[in-house]
Amino acid sequence: MKFNKSQVNRHTKWAGSALGVLILLYSANAFADDAIGYVRENCSGYSPCYASLSAWEAAYGGINFGTCTVGNLVCAGKNAVAQIDGAWVNSDTTPVIINGWTTGTSNYIKIYTSPAA
């Protein structure tokens with residue numbers, strides 16, 4: 001079996017040679033997936049969606065942690081992403097305290113505002 005190209009995907013990189021050697025290289029964040037939760041004034045048609053960033057944080061981004069402790073992104077292999085999106089008539093003035101999460105170098109919390117907000 002010969003491999004002439006390398007293929008890259010989210011989880012592995014493989015490369016081969018004319019000798020038919022297959023090498024799998026795993027990156028540190030190979031199995032981390034973004035779990036996107038929307039923060040919008042109007043949540044119609046968006047899920048999971050929260051009317052404030054504080055509500056998103058309190059619900060741990062709506063992430064299903066399975067058998068992991070709630071908030072443990074490392075165990076769940078997830079990145080918690082809060083996408084603040086959509087038009088806002090009223091400001092979100094609720095204070096936010098990020099607390100109770102377990103993060104790591106490859107499993108993190110990302111909060112950002114989309115261009116539509």
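Further up the page is the structure itself.
Rules of the game
- Residues numbered from 1 in each chain as written.
- Predicted model: local features only at pLDDT ≥ 70, side-chain atom pairs only at ≥ 80, totals over all residues.
- Heavy atoms only, no water.
- Helix = DSSP H or I, 4+ residues; strand = E, 2+ residues; numbered from the N terminus.
- Buried < 20%, exposed > 50% of the residue type's maximum accessible area, 1.4 Å probe, protein only.
- Polar contact = N/O pair within 3.5 Å; in protein donor to acceptor, adjacent residues only side chain to side chain.
- Contact = heavy atoms within 4.5 Å.
- Salt bridge = Lys/Arg side-chain N within 4 Å of Asp/Glu carboxyl O.
- Core = buried A, V, L, I, M, F, W, Y, C linked by side-chain atoms within 4.5 Å.
- Pairing = 2+ DSSP bridges.

Caption draft 1: Broad picture of the side chain of arginine 40. Counting through the fold element by element, arginine 40 comes out in the loop between strand 4 (33–39) and strand 5 (49–50). Look at arginine 40 and you get buried, because its relative accessible area is 12%. Side-chain polar atoms of arginine 40 contact the backbone oxygen of asparagine 42, separated by 2.9 Å. Each residue touching arginine 40, except ones within four places of it in the same chain, is listed here: Tyr46, Cys49, Tyr50, Ala51, Asp85, Gly86 and Trp88.

Caption draft 2: Local environment of the pattern of salt bridges. Tallied over the full model, the rule gives one salt bridge. Residue aspartate 85 is joined to arginine 40 by a salt bridge in which the shortest nitrogen-to-oxygen separation is 3.0 Å. Taken as a pair, aspartate 85 in the loop between strand 6 (78–84) and strand 7 (109–113) and arginine 40 in the loop between strand 4 and strand 5 lie far apart in primary sequence, 45 residues in all. We note that aspartate 85, like arginine 40, is buried.

Caption draft 3: Summary view of the nonpolar core. Counting 13 residues, the largest nonpolar core has Val39, Trp56, Ile63, Phe65, Leu73, Ala80 and Trp101 as its most contacted members. Elements supplying a minimum of two residues to this core: strand 4, helix 1 (53–58) and strand 6. Ranked by the residues each element gives to this core, the list is headed by strand 6, at three residues. Residues in contact with tryptophan 101, not counting those within four places in the same chain, are Trp56, Glu57, Tyr60, Gly61, Ile63, Phe65, Gly71, Leu73, Ala80 and Ile109.

Caption draft 4: Expanded view of the pairing of strand 4. Across seven bridges, strand 4 lies against strand 6 in parallel orientation. Bridging across to strand 6, alanine 35 finds its partner in alanine 80. Inspection of the sheet shows strand 4 paired to strand 5 by two bridges, in the parallel sense. Its bridge partner lying in strand 5, tyrosine 38 is registered against cysteine 49.

Caption draft 5: Quick look at the sheet that holds strand 5. If you trace the four strands from one edge of the open sheet to the other, you get 5-4-6-7, paired in parallel fashion. Where the open sheet ends on each side, the last strands, each with one partner, are strand 5 and strand 7. Of the pairings in the sheet, the one linking strand 6 to strand 7 comprises five bridges and is parallel in character. What sits directly across from isoleucine 84, in strand 7, is threonine 113.

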